[in-house]
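# Remarks on the overall topology
Read off the chains here:
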4 protein chains.
Amino acid sequence: MRVPEFAPQPSQVLYVAVADHVAARIASGDLKVGARLPAERDLAVEYGVSYVTMRRATAVLRERGLIVTVHGRGTFVAESPPAETIEDA
Amino acid sequence: MRVPEFAPQPSQVLYVAVADHVAARIASGDLKVGARLPAERDLAVEYGVSYVTMRRATAVLRERGLIVTVHGRGTFVAESPPAETIEDA
Amino acid sequence: MRVPEFAPQPSQVLYVAVADHVAARIASGDLKVGARLPAERDLAVEYGVSYVTMRRATAVLRERGLIVTVHGRGTFVAESPPAETIEDA
Amino acid sequence: MRVPEFAPQPSQVLYVAVADHVAARIASGDLKVGARLPAERDLAVEYGVSYVTMRRATAVLRERGLIVTVHGRGTFVAESPPAETIEDA
DNA sequence: GTGGTCTAGACCACA
DNA sequence: GTGGTCTAGACCACT
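Residues numbered from 1 in each chain as written. Chains lettered and ligands numbered in written order. Predicted model: local features only at pLDDT ≥ 70, side-chain atom pairs only at ≥ 80, totals over all residues. Heavy atoms only, no water.

## Points about the environment of Val77 of chain A
Residues and elements named next belong to chain A. Selection rule: Under the DSSP-based scheme used, a helix requires at least four consecutive residues in state H or I and a strand at least two consecutive residues in state E, with every element numbered from the N terminus. By definition, residues are in contact when any of their heavy atoms lie within 4.5 Å.
Note on placement: Val77 falls in strand S2 (residues 74-77). Through-space distance from the C-alpha of Val77 to that of Leu37 is 7.2 Å; in sequence the pair is 40 residues apart. Beyond its immediate chain neighbours, meaning those up to four positions away, Val77 contacts Ile26, Leu31, Lys32, Val33, Gly34, Ala35, Leu37, Leu66 and Ile67.

Here it is, written out as structure tokens:
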């Protein structure tokens, strides 16, 4: 997975930074395809952020196609994460 | 204020039994008018029931006019609990 | 502007309902192209919702291309609102 | 702009004067250790200064170690205000 | 017991 | 003085 040189430091925006960190866990195989992530509330505690901030982070990951969310079920690592997570312009 | 006679032998339906117990707390002044009840999740833990059961119980109390619920704010003891707590059929 | 038959009543989701109402004000000419909307905080008060809910509403309008937002300046009615506000599938 | 009679000969720089006044309130025990200060916007109104000026004032107090700020929570009187409130140059 | 929405109100970045 | 982010914690919808 390619990491852009123009973004060496994590985002200054907290929910993006959290999203990036989870994305890295997925990319590294720590979170495997199809696996269920911890509950958003638990992730919020794990990252030391509020539930709302964690929700924004997962929203980012959803938009990136890295996770899929099912109401009442959980959030799961998406089947085929798109290569163009960062558009390769 | 009158406490319902049906309390001595509580309802066999769990969420009604829980609702009755909360109603008794309101009637006894343990929960005063205008006071905010504990969060539904906390009440569920307190009564040792599932969240869904607790939600049904609060729905019953809402129908009885004993509490009012405000999304995102909480549930509160209603101003003037109606005399016909049990519908006057 | 076409209104889908499958959505006769306003959205049950509050921020969408608010967004729809603002959209209607734009469509009706109440809010003209290029005009600045009231501050989001004022709109929140006007609609009787929290600031966060209003922000979600404006986010919806932004996604629909109906408004543009400038940090520190305000939010404005977009130049050419797209015809396919509701995709005509 | 001249203002405060409240300090003997206050700083000519407005935001420093405001910071000094808040510092005096902390020193006098009016604002106790661990207490939350009023919101920055409220302080701005209270002192009759702009929000930016108030932000500069709180920045000064932060640098002096008199207050700590938590995003989304508030600003609080620091635990142990250093003796060298004015840097010992 | 999960994700989804909402409230109230704080600080932050910008023009 | 605007929009942007964040906190803390509530109720709602769904499985």
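There's more to say after this.
## Comments concerning the packing of helix H1 (residues 14-27) of chain B against helix H3 (residues 51-63) of chain B
Residues and elements named next belong to chain B. Stated precisely, the cut-off is as follows: Note on definitions: angles span 0 to 180 degrees between N-to-C directions of axes, and those axes are lines fitted to C-alpha atoms, for helices only across the stretch in contact. These descriptions rest on fixed angle ranges, namely under 35 degrees for roughly parallel, over 145 for roughly antiparallel, 65 to 115 for roughly perpendicular, and the rest for oblique. Each crossing gets its handedness from the near helix: less than a right angle anticlockwise from the far helix is left-handed, clockwise is right-handed.
At a minimum axis distance of 8 Å, the contact between H1 and H3 shows a crossing angle of 55°. As summarised for this structure, H1 and H3 are arranged oblique, according to the angle between their axes. The two elements H1 and H3 cross, and the hand of that crossing is right-handed. Across the interface between the two elements, Leu14, Tyr15, Val18, Ala19, Val22 and Ala23 from H1 touch Thr53, Met54, Arg56, Ala57, Val60 and Leu61 from H3.

## Topic: the protein's contact with DNA strand E
Counted only if it meets this: Whether a residue is near a molecule or strand depends on its heavy atoms: if one lies within 4 Å, it is near. Throughout this description, a polar contact denotes any pair of N or O atoms lying within 3.5 Å of each other; where both atoms belong to protein, one of them has to be capable of donating a hydrogen while the other can accept it, and for residues adjacent in sequence the pair is counted only when both atoms sit in side chains.
The environment of DNA strand E is made up of 44 residues, and the closest members are Arg55 of chain A, Arg41 of chain B, Leu14 and Thr53 of chain C together with Arg55 of chain D. When atoms of DNA strand E within 4 Å of the protein are sorted by moiety, sugar and phosphate together comprise 64%. Here a base oxygen of DNA strand E sits 3.0 Å away from a polar atom, N or O, in the side chain of His71 of chain B. Contacts to DNA strand E include Thr75 of chain D, whose backbone N or O atom sits 3.4 Å from a phosphate oxygen.

## Focus on the pattern of salt bridges
Our working definition: Any carboxyl oxygen of Asp or Glu that lies within 4 Å of a side-chain nitrogen of Lys or Arg is treated as forming a salt bridge with it. We call a residue buried when its accessible area falls under 20% of the maximum for its residue type, exposed when it is over 50%, and partly exposed in between, using a 1.4 Å probe and counting protein chains only.
Counted under the stated rule, the structure contains 16 salt bridges over all chains. One salt bridge in this structure joins Glu40 of chain C and Arg55 of chain C, with 3.2 Å as the shortest N-O distance. Residue Glu40 of chain C is located in helix H2 (residues 40-47), and its partner Arg55 of chain C is located in helix H3 (residues 51-63); the two are separated by 15 residues in the primary sequence. Residue class for Glu40 of chain C comes out buried when judged on its relative accessible area of 12%. With a closest N to O distance of 2.8 Å, Arg64 of chain D and Asp20 of chain D form a salt bridge. Here Asp20 of chain D lies in helix H1 (residues 14-27) and Arg64 of chain D lies in the loop between helix H3 (51-63) and strand S1 (67-70), a separation of 44 residues in the sequence. Among the residues examined, Arg64 of chain D registers a relative accessible area of 18% and is labelled buried. The partly exposed category is assigned to Asp20 of chain D, whose relative accessible area is 29%. By sharing partners, the salt bridges in this structure join Arg25, Asp30 and Glu46 of chain A into a single network.

## Some thoughts on the protein's contact with DNA strand F
The condition is simple: Asp, Glu, Lys and Arg are counted as charged, while Ala, Val, Leu, Ile, Met, Phe, Trp, Tyr, Cys and Pro are counted as nonpolar; the rest, among them Gly, fall into the polar class.
Around DNA strand F, the surrounding shell holds 44 residues, and the nearest of these are Leu14 and Thr53 of chain A, Arg55 of chain B, Arg55 of chain C together with Arg41 of chain D. Among the atoms of DNA strand F lying within 4 Å of the protein, the sugar-phosphate backbone contributes 64%. Here Gly72 of chain C contributes a backbone N or O atom positioned 3.4 Å from a base nitrogen of DNA strand F. For the surface near DNA strand F, the residue count by class is 15 nonpolar, 16 polar and 13 charged.

## Description of helix H2 (residues 40-47) of chain A
All names here are of chain A. What counts, and what does not: Each direction from the helix axis to a C-beta atom contributes to the arc, which is the arc of those directions.
For H2, the complete set of buried residues consists of Glu40, Leu43 and Ala44. Viewed end-on, H2 has its buried residues packed into an arc of 105°, placing them on one side of the element. The inward-facing, buried residues of H2 abut helix H1 (14-27), helix H3 (51-63) and S2. Residue Gly48 follows H2 closely and has a positive phi angle near 70°.

## Focus: the nonpolar core
Residue and element names in this part refer to chain D. Operational definition: As used here, the term nonpolar core means buried Ala, Val, Leu, Ile, Met, Phe, Trp, Tyr and Cys residues forming a set that is joined through side-chain atoms within 4.5 Å.
Of all hydrophobic cores here, the largest spans 18 residues; its most connected members are Val22, Ile26, Leu37, Tyr47, Met54 and Leu61. Elements represented by at least two residues in this core include exactly H1, helix H2 (40-47) and H3. Of all the elements, H1 adds the most residues to this core, at five residues.

## Focus on the packing of aromatic side chains
The cut-off we apply is this: Paired rings are identified among Phe, Tyr and Trp, the last through its six-membered ring, by centres lying within 6.5 Å, and are further divided according to the angle between planes into stacked (under 30 degrees), edge-to-face (over 60) and tilted (the rest). Whether a charge sits over a ring depends on NZ of Lys or CZ of Arg being within 6 Å of the ring centre and within 35 degrees of the ring normal.
As enumerated under the stated definition, the model contains zero aromatic pairs over all chains in all. Against the face of Tyr51 of chain B rests Arg41 of chain B, its NZ or CZ located 4.4 Å from the ring centre.

## Details of the UniProt feature "domain: HTH gntR-type" (unreviewed entry) in chain A
We apply this condition: UniProt positions are given in the numbering used here, feature names are shortened, and annotations may be inferred rather than shown by experiment.
As recorded in UniProt, the feature "domain: HTH gntR-type" (unreviewed entry) lies at residues 12-80 of chain A. Segment residues 12-80 of chain A splits into 51% helix and 12% strand. End C-alpha atoms: 28 Å apart.

## Focus: the confidence of the model for chain A
Residue and element names in this part refer to chain A. Operational definition: Per-residue confidence from the prediction method is given by pLDDT, with values spanning 0 to 100.
Of the residues in chain A, 81% reach a pLDDT of 70 or more, and the chain-wide mean stands at 86. Taken as a whole, residues 1-6 scores under 50 in pLDDT and shows six contacts with residues more than four places along the chain or in a different chain. pLDDT under 50 marks residues 85-89. Its contacts with residues more than four places away, or in other chains, come to seven contacts.

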